[in-house]
Every structure is written in structure tokens, then in C-alpha cells.
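Now for the letters of each chain:
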Amino acid sequence: MIVAYYKRLLGNQGRSEALRQTQLEMLKGEKYQHPYYWAAFILPVIVRPG
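What counts, and at which threshold
Residues numbered from 1 in each chain as written. Predicted model: local features only at pLDDT ≥ 70, side-chain atom pairs only at ≥ 80, totals over all residues. Heavy atoms only, no water. Helix = DSSP H or I, 4+ residues; strand = E, 2+ residues; numbered from the N terminus. Expected span 1.5 Å × (residues − 1). Buried < 20%, exposed > 50% of the residue type's maximum accessible area, 1.4 Å probe, protein only. Arc of directions from axis to C-beta. Contact = heavy atoms within 4.5 Å.

A. Structural detail: helix H2 (residues 15-28). The first and last C-alpha atoms of H2 sit 20 Å apart over 14 residues, in line with the 20 Å expected at 1.5 Å per residue. Restricting attention to buried positions, one finds in H2 the residues Ala18, Leu19, Thr22, Gln23 and Met26. Along H2, the residues classed as buried sweep out an arc of 130 degrees about the axis, all on the same side. Of the exposed residues in H2, the ones pointing more than 90 degrees away from its buried face are Ser16 and Lys28. The elements touched by buried residues of H2 are helix H1 (2-10).

What follows is the structure in C-alpha cells.
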């Protein structure tokens, strides 16, 4: 999953969309369809002092 995610990032997709598309791709297959394989991946939030 991580490889597919980073390939999408390198393809100029945003972080959220890259993760979403990777998860949707995994849902389409039978082997990694269960959330066990992809639900733990979250996007880090960068908080910048205002």
C-alpha cells in the first residue's frame, strides 16, 4: 500500500487523494479488501504556529 501511495504522490496527487485512491484500489481486490490492511494509515497533520 505504501508503494502505491508514494507513486501517486510522485504523480502529483495530493496526500488526501493519493491515500483515498490507494484505499479504493485495495477495496476492489479480494486479497487486501478488509480494512485490517489499510485502516491504520492516516495522514499526519502539520500544525504551524499562527
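Alright, that's what it looks like, and here's the rest.
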